[in-house]
Amino acid sequence: MSLTRFAVPRFAVPVSPFAFSPLAVACAVLMAGPAQAQGAADAVTTTVAQAGHTSALREVVISGARSERVLDEVPAAIDVLDGEDLDPARVQNIRDLVQELPNVSVKRAPVRFGGVTGNVGRDGNAGFNIRGLEGNRVLLTIDGIRVPRELSSGVFGPAAFGRDYYDLGLISRVEILRGASSALYGSDGLAGMVAMLTTEPKDLLKPGQTLGGRVGLTYDGQDDTRRLGLTLAGVASDSLQWLGSVQMGRSEALDNQGSNFALNSTRTAPNPQKDKNTSLMGKLVFTPGGGQRHVFTAEHVDKSSEVEAYTGRAPVVSAPTHVGDLDGTSDMTRTRVSWDGRFPVVSAWADDIRAMVGLQSSESQEVTHEFRPLQSAATQNRVRDVTYSERIVQAVLQAEKLRPLGGDWSQKLVYGVDLSRASLDNLVTGVNGPVYETYPLQRFPETVETTSALFVQSEYASGRWSVIPALRYDHVSLDARTSALYPLQPASLSSDAVTPKLGVIFRGSDQWSLFGNFAAGFKSPSPLQLNNYFQNPLGNYETIPNPNLRPEKSRTLELGTRGLVGGFDWEAVAFTGRYKDFIEDLVTVQTTPRIQFQSVNRQAVTLRGFELKGSARLTASTTLRAAYGQTTGTDTARGLPLNSVNPAKLVLGVDHRMGDWSVGASLAHSAKKAASDIDTTGTANQFATPAHTTLDLRASWQISPATRLSAAVHNLTDRKYWEWTNVRGIAASDIALDSYTAPGRSLSVALVTTF
């Protein structure tokens, strides 16, 4: 693929807007530079060609600028995963997706909980950690629609809701933007962004083909996954293409290297577990002519799980509170419909207009059944049923304008408006609950979050330089509704944020460039942080709301270089960031007469680190890869390390092709977690993970032009190790420490055929 700067395909993926308001016009005027008369189309083409440089075989990304552009033209670190990166023999879920990416991880603790007090692992693949920040500080989108938020707190007892609302069988491309993205995308992009794009008909249809498709069969030994996927695409007419996909999967508990199979809380082997996954997607692509393009998508993801929780049973049932049997079930659904339209125009203010509207409904339910044999027949069975729901309506209107400025300079302007309205709710109910609670109840009241935003980004480009300022204004309101199920007067919140960004690229030659990026970020408090309420008079503690919470804010600086010289491709980035009013949950704010926990703002947190990655083509058939990343984080006000930061990681790989075969290997080394890098305030004897190295092998055979068989061996040496992200808060003396180990040696196989 060879693209000149700005001369990119006209149609991309959702993420921008425009409103004819004084603020939008002011932003456009401030950043537009000296006004120039609209030139003829060939003048624009000439100017852009002068500004361009060689970008052969470079990735085109969307998340870095809200419109398609060559990765070299984005002053930020972005990982692009597509094609063989998503080979189902290597990647079954979001945890597998980031295994070889330093400074990026996905938490996956074992499903291990005890009665109404433990929620370990029920959030599954909980979400992404980017450069030491995680949870709702990472913006997640699917085709531009925001993924539901994480909801995890001790006040929900055995329930914890992660963010794995994905089915990678529907995904054709993943972009991971590292660093604050608020200037383009608003709240929640404090740490970065993960943008997933679903498959389109053009991904499956060959030129001249009117019907095509893909069938895939997969097995993964890490959790005994069996998957079947069928995707069909066709051409209904010259202006209409369609796609339909169904993905079905069955799996069991994620393996570990625990060897205790006791049927009680001393068990370290995984609990028996059965998971089901069914996902459906339909898509219509309508191109009526004149450059218009409309994509209509309907998507439904349903994941369910059943767990026989031996780890929740008492070794000896000798008291009425001891559990003799414990089972858990969960169900997570997400349904989305969206329209993404592109309209070319010929005017002084826009070349293209993009409009996107999406409606999404999600619901997660986790139920726990306990049996306490020493209690009376009427109270032996305890059931706790927790539901979290989120419904969002999101609209985007965006305009783009490209024009010459004189000499070899050109300008690309992207501006618009983002609107969203999300309703977040929860319900706790059950049978024979604690004596201090009356079901049904809510931990926080139903809350409507409304966001309206205006943004503008202007890129000035010449042969050597690109200067890319951006500015966004957000107004966010959390309107908490009074409810009979919530005993307090709920607090609401309204806040405004102005987030600037400035990126600069210097191209030393066609082969290499330097870039820098200063960006501001912000994140509003969540409804749970604002109005969290739980009271246990018998235990003499409670969790209380904090109506005075302030939004988190950040300032980050990133400097880097990237290039392609001969067969050597590299990128090196150093970054630093300061985070103000950092929100920490469940902090002890009072000890007498009753212990009180609350979400509070911490004065400041700093994060800094660097990343290196590159590849070298040794021969036409052999490529070496390397990547390294490390981050340090500190709560500067208290002088304590930030526990969400993972140890440094090095990944080395080699890939070799020979005819219809390709083989490869990846060696991953994670440094130990030093005791000096752990905040032991919550866990005095916190387990510090030792260093570990794992080796993965893979191979694929192109049986025919349409059919490929691929296989991978994970952790070839059967190394016993722990990932830091999964053991935070676990003491070194914990009898069940081995239950947190990663899987041992395993095999995965995938057979994919296209037609």
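First, a word on what this report is: a plain description of the structure on this page. This is a predicted model, so every value here is computed, not measured. (Residues numbered from 1 in each chain as written. Predicted model: local features only at pLDDT ≥ 70, side-chain atom pairs only at ≥ 80, totals over all residues. Heavy atoms only, no water.)

### Brief notes about the sheet that holds strand β10 (residues 171-178)
(1) Moving on: With respect to topology, five strands assemble into an open sheet ordered β3-β10-β11-β6-β7, the strand pairing being mixed. Every interior strand has two partners, whereas the edge strands, β3 (78-82) and β7 (145-146), have only one.
(2) Moving on: With two bridges connecting them, strand β6 (residues 138-142) and β7 associate as antiparallel partners. By the bridge assignment, Ile142 is partnered in β7 with Ile145. (Pairing = 2+ DSSP bridges. Helix = DSSP H or I, 4+ residues; strand = E, 2+ residues; numbered from the N terminus.)

### A word on the nonpolar core
(1) Moving on: One finds Leu97, Phe128, Val174, Val194 and Met196 to be the most contacted residues of the largest nonpolar core, which totals 33 residues.
(2) Moving on: Contributing elements (two or more residues each) for this core: α3 (94-97), β4 (104-106), β5 (128-130), β6, β10, β11 (192-198), β28 (568-590) and β29 (595-617).
(3) Moving on: Among residues more than four places away in sequence, those in contact with Val174 are Asp79, Val80, Leu81, Leu86, Leu97, Val194, Ala195 and Met196.
(4) Moving on: Val155, Phe156, Val386 and Tyr388 belong to the second largest nonpolar core, which has 16 residues in total. (Core = buried A, V, L, I, M, F, W, Y, C linked by side-chain atoms within 4.5 Å. Buried < 20%, exposed > 50% of the residue type's maximum accessible area, 1.4 Å probe, protein only. Contact = heavy atoms within 4.5 Å.)

### Regarding the pattern of salt bridges
(1) Moving on: Throughout the structure, instances matching the rule amount to 52 salt bridges.
(2) Moving on: Between Arg131 and Glu611 there is a salt bridge, and its shortest N-O distance comes to 2.9 Å. Separated by 480 residues along the polypeptide, Arg131 in the loop between β5 and β6 and Glu611 in strand β29 bring together distant segments of the chain.
(3) Moving on: For Glu611, a relative accessible area of 8% translates into the label buried.
(4) Moving on: Residue Lys613 pairs with Glu571 through a salt bridge whose shortest N-O separation is 3.7 Å. Taken as a pair, Lys613 in strand β29 and Glu571 in strand β28 lie far apart in primary sequence, 42 residues in all.
(5) Moving on: Through salt bridges with shared partners, a single network forms among Asp79, Arg131, Arg178, Glu558, Arg562, Glu571, Glu611 and Lys613. (Salt bridge = Lys/Arg side-chain N within 4 Å of Asp/Glu carboxyl O.)

### Some points on the environment of Leu228
(1) Moving on: Note that Leu228 resides in strand β13 (residues 225-237).
(2) Moving on: Distance from Leu228 to Gly169, taken between C-alpha atoms, is 9.2 Å for residues 59 residues apart in sequence.
(3) Moving on: Leave out the neighbours within four places in its chain, and Leu228 touches Val215, Gly216, Leu217, Val246, Gln247 and Met248.

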